[in-house]
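# Structural features, examined
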Amino acid sequence: MAPSDALVVDPALLEQAREFLGSDLRFATIATIGSDGAPHQAVVWFLFQADVLVMNSAVGRAWPANLARDRRTSVTVEDGYRWLSIRGMVEADDDPARAQADIAAMARRYHADEPDRAERMIRDRFERQHRISFHLPLASSRLHFEE
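The following paragraphs examine the structure supplied in this document.

The rules behind the values
- Residues numbered from 1 in each chain as written.
- Predicted model: local features only at pLDDT ≥ 70, side-chain atom pairs only at ≥ 80, totals over all residues.
- Heavy atoms only, no water.
- Pairing = 2+ DSSP bridges.
- Helix = DSSP H or I, 4+ residues; strand = E, 2+ residues; numbered from the N terminus.
- Axes fitted to C-alpha atoms, helices over the stretch in contact; angles between N-to-C directions.
- Contact = heavy atoms within 4.5 Å.
- Salt bridge = Lys/Arg side-chain N within 4 Å of Asp/Glu carboxyl O.
- Buried < 20%, exposed > 50% of the residue type's maximum accessible area, 1.4 Å probe, protein only.
- Phe/Tyr/Trp six-rings, centres within 6.5 Å; stacked < 30°, edge-to-face > 60°.
- Lys NZ or Arg CZ within 6 Å of the ring centre and 35° of its normal.

## A look at the sheet that holds strand 8 (residues 131-137)
With respect to topology, four strands assemble into an open sheet ordered 3-4-8-7, the strand pairing being antiparallel. The sheet terminates laterally at strand 3 (47-49) and strand 7 (91-93), the two strands that pair on one side only. Taking the axes of each pair of neighbouring strands and ignoring which way they run, one obtains an average angle of 30 degrees across the sheet.

## Notes on the sheet that holds strand 1 (residues 28-33)
Ordered in space as 2-1-5-6-9, the five strands form an open sheet in which the pairing is antiparallel. The open sheet has two edge strands, strand 2 (39-44) and strand 9 (142-146), and neither has a second partner. On average, adjacent strands in this sheet sit at an angle of 15 degrees to one another, irrespective of strand direction. Where strand 6 (residues 82-89) meets strand 9, five bridges bridge the pair, whose relative direction is antiparallel. Note on strand 9: the bridge partner recorded for L84 is F145. Against the sheet, helix 2 (residues 62-69) touches strand 1, strand 2 and strand 5 (72-79), its axis set at about 50 degrees to strand 1.

## A look at the pattern of salt bridges
Summed over the entire model, instances satisfying the criterion amount to twelve salt bridges. Put simply, E15 and R18 hold a salt bridge, and the shortest N to O gap is 3.2 Å. Taken together, the residues span about one helical turn, with E15 and R18 both in helix 1 (residues 11-22) at a distance of three residues. Notably, a salt bridge pairs E147 with R82, separated by 3.5 Å at the nearest N-O pair. Of this pair, E147 sits in the segment after strand 9 while R82 is found in strand 6, placing the two residues 65 residues apart along the sequence. Taking relative accessible area as the criterion, R82 reaches 29% and is therefore assigned partly exposed. Taken together, the shared-partner salt bridges connect D24, R26, D79, R82 and E147 into one network.

## Focus on the packing of aromatic side chains
For the coordinates displayed, the defined rule picks out five aromatic pairs. Taking the centre distance of 5.7 Å and the plane angle of 50 degrees together, the rings of W63 and F134 count as tilted. Residue W63 is located in helix 2, and its partner F134 is located in strand 8; the two are separated by 71 residues in the primary sequence. We classify W63 as buried; its relative accessible area is 5%. Note on F134: relative accessible area 1%, which makes it buried. Ring-pair connections join several aromatic residues into one group, and the members of that group are F27, W45, Y110 and F126. Sitting over the face of the ring of F20, R26 holds its NZ or CZ atom 4.0 Å from the ring centroid.

This is how it looks when you write it as structure tokens:
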């Protein structure tokens, strides 16, 4: 990519995205490209850390397999009529310890009102799975925010 081709994200839009992703509990819909070229979507948990959207899955599911083959994705996070679309390239992180830490943090976030349930999910389900995380950086993605 030539320097003139580098993506420049509008600072005001980036700030709106940060505020939206960092507040309230929302789910994301991730779209990937299947091996046959067809789109595939899944609803996922996410963390937002240091301007990066972190998503995690058990290895073997369709959407992580698609991303292992083709890193392009589109993710939408919505809150009624307010929504953010992020299109970009993910980076895979298959370090077992980090992937387990990510899914544990997500379980605790999405089940904050039921901490015992979160810990059971971590212990009885997630720790038994081979997990992988994907990082989608906002600064190198195309953003669209609608209010």
